[in-house]
Each structure stands twice: as C-alpha cells, then as structure tokens.
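Structure assessment
Take a look at the letters that make up each chain.
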Amino acid sequence: MSEPTRIAACHVAPVFLSAKETTAKAVSLIHEAAENGAHLVVFPESYIPAFPVWSALRAPSENHELFRRMAAESVYADGDEIGAVRAAARQRGVLVSLGFSEKARGTSSATLWNANVLVGAGGEVLVHHRKLVPTFYEKLTWAPGDGHGLRVADTQRGRVGALICGENTNPLARYALAAQGEQIHISSWPPVWPTRMPPAAASEEAAQQSNGAAGGGVEKPPAARAANYDNVAANRTRAAAHCFEAKCFGVLCAGVLGADAVEAASSGPGPGARDDAVARGLQLSSRGATMFLDTTGALLPGFVVVRSSDGSDATTREQRGMLQDGEGILYADVDLDDCVEGKQYHDITGGYQRFDVFELKVDRTRREPVTFT
C-alpha cells in the first residue's frame, strides 16, 4: 500500500477583479492547506482575478468596462502573481494547481486565455495549459488555447493532470490525459454558469416590461419556463465518467460567487446604477460544488478542518460530501494503489483498446501569432 496523498480543494471566491488581493488570498490558503498536511492544493477555474460571470446575463455592448478591468487584472504566466504562488509552493513543499486568466505578453494588449498552471513542490512549472476552446459566452473574454498543456505531470504524489470546465466534456482531451497514465484528474469550475436567466428573475423582468400593456400581461418568455444549468449534476457527470474510464481519482474544484462579484456584474451604466435582473439572475443560479470522486466515479467523502472556538490551536475534522454554499477547504486522502484494480476490467489506454483500429494524434505546439525568420 502506498502512502496516501492528501488533496486540498479550495472552494473559495476571489477578491473580484483584484489580481493582487486574490493572489495574497491564494498564498494564504496554500499555507493553511499545508499546515493541515496537504500534498496537493487545488484552486478553481480562473481564480485570479475572477470568472467573467457578467457575460452570461448581460449584452456584450454593456460589458466594455468590465472587459477592460478583466484585461487589466489578468496576469502573465511568468508574472509576479504566478511567481508568488510558485514561491509559496516551494516554501511549503506542495503541489499547486491554479486557474487564472492569462494575458499575452508583447503580442496584444487584450488577448486573454483561460489558463491553468500546475506547480511542483519545488516551485517549478510542471504544466501550463490554456483552455482549448472557451465555452459559449466565454468566447467574449478568452481566445482559444492550444494542445501544449495536454500533459500529465509525473510527481512524487502521483501522475496529475488537469482540464478546465467544459474541456471535461471533450472525450479526446480526456483520453489524451488518460493515455499518459493519469492517476489524479483535476477539473476546475466556475462558481455559477448560467445558460439562461433563472425563472424567478426572468418572469419578474417580463412582468415589469409588460406592466401597463394592453391585455394585462404577456406570456412568460421561454427563458422563464426552461430549466437553468445544473452545475452540480453536469460537472459531476463528466468528471465521474472520466474517473470510471481512466480509473483515476477526481478533484472537482469550483469557485464561490462573492457579493462583490454580484455587485460588479450587475453594475449599471451610470454611477450607483444597478441592473436588478442581472443581480437576481446570478443569485438564483445553481452554485458549483467542490468534491472528490474515487476511481469508479463514486463520491469520495472528504473532510474539513475546524478550529476550536476556545481560541486554542486545537482542530477537529468534520466529514463532508461536498462544499457548495460557503467558502472552505475540502480535504481527502487518496491511495494511488486504488487506480490498479479497475484496469483489469477496462484499461482503455492499454489492454482494452484497439490501437490497430483507432489512432489519436495530439499537436502540442504552442501557437504564436507570427513567426519571423
């Protein structure tokens, strides 16, 4: 039996659109998780500086100022913010997986990528990945990435891979990681991901728009009748499928929607103005959940560390299946030997595959806007 690997999944909110303050918070959380024995510390999608939730519920023509702030607060992959996270990882001797909004250096003033970096226990960058395709309204913020980061890092705590949000729907991307012997799969997620205005907010908005109209009202719009995106079910379904197929552990790490995010995303065009429908839409949207899955795709209960209320350093553990509503760090201990048994049944990158029938090629070229000779 191998020594268990303790994973800490940080279910937390950024300091919305503040790279400096969010980086400081991330560093503090790395130290806290390390104090509690973590070997791998995981953060949500685009944790620094924030996930662009406004694009879900506002028209693009209303978002110029928010995009300007997003571009200003996005960070360079080799910049001070990532450097601070690397220094914390090196100081505590832990692995860190961090989602961030990356900005191009030297080629554009506003090209951004939805990125994730896996940092080694020595502070080195093991994998730098840019999301292959921004999903739905994310295209209003981020450019497409490339295959350079489709890599699994061979660490002392297992073979670790990561995909960002909707990439976990892509069977080819998931297979590319499974084929590298992945044992711990990280999937990072936003705090909310609305696909329509939630019914209560949409119906109230429609009622306000129809107030005073002839006939006494209008039929509810389709957005008010249909179901919104279920973050917990959708995310768990995809992650569980990968765990079952790859026979690996799953770490689902979602963000938390802070009050500052709702306030900024619902801000109106004038000083003090506010779009109440957007605010309600965000508040009513399904929250993402942070959880662990075992190598069969089943929920792996974790625990939180609770400090004593008497002011002492004493702590206790409380078992939790997942974290969803409030901030916290969810821990789990995993035994990598558990990745072996299931391979007897379905080793999809080995004995249960037909390499004479199927062939997958992955281009890991880092794409640049121009090549000078």
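Presented here is an overview of the structure given in this document.

Definitions and cut-offs
- Residues numbered from 1 in each chain as written.
- Predicted model: local features only at pLDDT ≥ 70, side-chain atom pairs only at ≥ 80, totals over all residues.
- Heavy atoms only, no water.
- Helix = DSSP H or I, 4+ residues; strand = E, 2+ residues; numbered from the N terminus.
- Buried < 20%, exposed > 50% of the residue type's maximum accessible area, 1.4 Å probe, protein only.
- Contact = heavy atoms within 4.5 Å.
- Lys, Arg positive; Asp, Glu negative; His and termini not counted.
- Charge placed at Lys NZ, Arg CZ, Asp CG, Glu CD.
- Salt bridge = Lys/Arg side-chain N within 4 Å of Asp/Glu carboxyl O.
- Pairing = 2+ DSSP bridges.
- Disulfide = S-S within 2.5 Å.
- Axes fitted to C-alpha atoms, helices over the stretch in contact; angles between N-to-C directions.
- Parallel < 35°, antiparallel > 145°, perpendicular 65-115°, else oblique.
- Core = buried A, V, L, I, M, F, W, Y, C linked by side-chain atoms within 4.5 Å.
- Expected span 1.5 Å × (residues − 1).
- Arc of directions from axis to C-beta.

This part is about the overall build of the protein. A count of helices and strands for the protein gives 10 helices and 14 strands. Considering the protein as a whole, with its 373 residues, one finds that 51% of them fall into the buried category. Residue pairs at least 24 apart in sequence account for 73% of intrachain contacts in the protein once pairs closer than 6 positions are excluded. One way to put it: in the protein the 36 positive side-chain charges average out to a point 3 Å from where the 43 negative ones average out.

So, on to the pattern of salt bridges. Tallied over the entire structure, the rule returns 18 salt bridges. Linking R159 and D154 is a salt bridge whose minimum nitrogen-to-oxygen distance equals 3.2 Å. Since its relative accessible area comes to 25%, R159 is described here as partly exposed. Three or more residues joined by partner-sharing salt bridges are found here, namely E45, K131 and E138.

This brings us to the pairing of strand β10 (residues 290–293). Across a regular strand the side chains alternate sides, sitting on one face of the sheet and then on the other. Alternating positions in β10 separate into two faces, T290 and F292 on one and M291 and L293 on the other, with burial throughout. Bridge analysis of β10 against strand β13 (residues 322–323) gives 2 bridges, and the strand direction is antiparallel. Directly across from M291, in β13, lies its bridge partner M322.

Summed over all chains, the structure comprises 0 disulfides. Cysteine C10 shares no disulfide, and the gap to the nearest cysteine sulfur, in C253, comes to 6.3 Å.

Okay, the sheet that holds strand β6 (residues 153–155) next. Ordered by their spatial adjacency, 6 strands build an open sheet running β6-β7-β8-β9-β10-β13, and the pairing between neighbours is mixed. A strand with exactly one partner marks an edge of an open sheet, and here the two such strands are β6 and β13. Relative to strand β8 (residues 184–189), strand β7 (residues 158–164) runs parallel, the two sharing 5 bridges. Pairing of I164 across the sheet is with S188, part of β8. Relative to the sheet, helix α5 (residues 171–178) contacts β7 and β8, its axis offset from that of β7 by approximately 165°. Packing against the sheet, helix α8 (residues 231–246) makes contact with β8, β9 (249–254), β10 and β13, and its axis sits at approximately 25° to β10.

Now for the packing of helix α1 (residues 19–35) against helix α4 (residues 80–92). The angle between the axes and the distance between the axes are what describe a pair of packed helices. Between α1 and α4, whose axes approach to 10 Å, the crossing angle comes to 10°. Taken together, α1 and α4 sit at an angle that is classed as roughly parallel. Note on element contacts: α4 touches α1 through E81, A84, V85, A88, Q91 and R92, opposite A19, T23, V27, I30, H31, A34 and E35.

What follows concerns the nonpolar core. Within the largest apolar cluster, 30 residues are counted, with the highest numbers of intra-cluster contacts made by I30, V41, F43, Y47, V96 and L98. Ranked by residues supplied to this core, first place goes to α1 with 7 residues. In this view, L98 contacts F43, Y47, I48, I82, V85, A115, N116 and V117; residues no more than four positions away in its chain are not counted. With 25 residues, the next largest nonpolar core counts A50, L57, V192 and A279 among its residues.

Inspection of the secondary structure puts G281 in helix α10 (residues 276–284). Its relative accessible area of 0% is what places G281 among the buried residues. With 49 residues separating them along the chain, G281 and L330 place their C-alpha atoms 27 Å apart.

What follows is about α1. Counted at 1.5 Å a residue, the expected span for α1 with its 17 residues is 24 Å, and the 24 Å between its end C-alpha atoms agrees. Residues of α1 that are buried: A19, T22, T23, A26, V27, L29, I30, A33 and A34. All buried residues of α1 project into a common sector of 160° when viewed along the axis, lining one side. Opposite the packed face of α1, turned more than 90 degrees from it, sit the exposed residues K20 and E35. Contacts made by the buried residues of α1 are with β1 (5–11), β2 (40–42), α3 (64–73), α4, β3 (95–103) and β14 (328–334). Looking one or two residues past α1, G37 carries a phi angle of roughly 85°, positive in sign.

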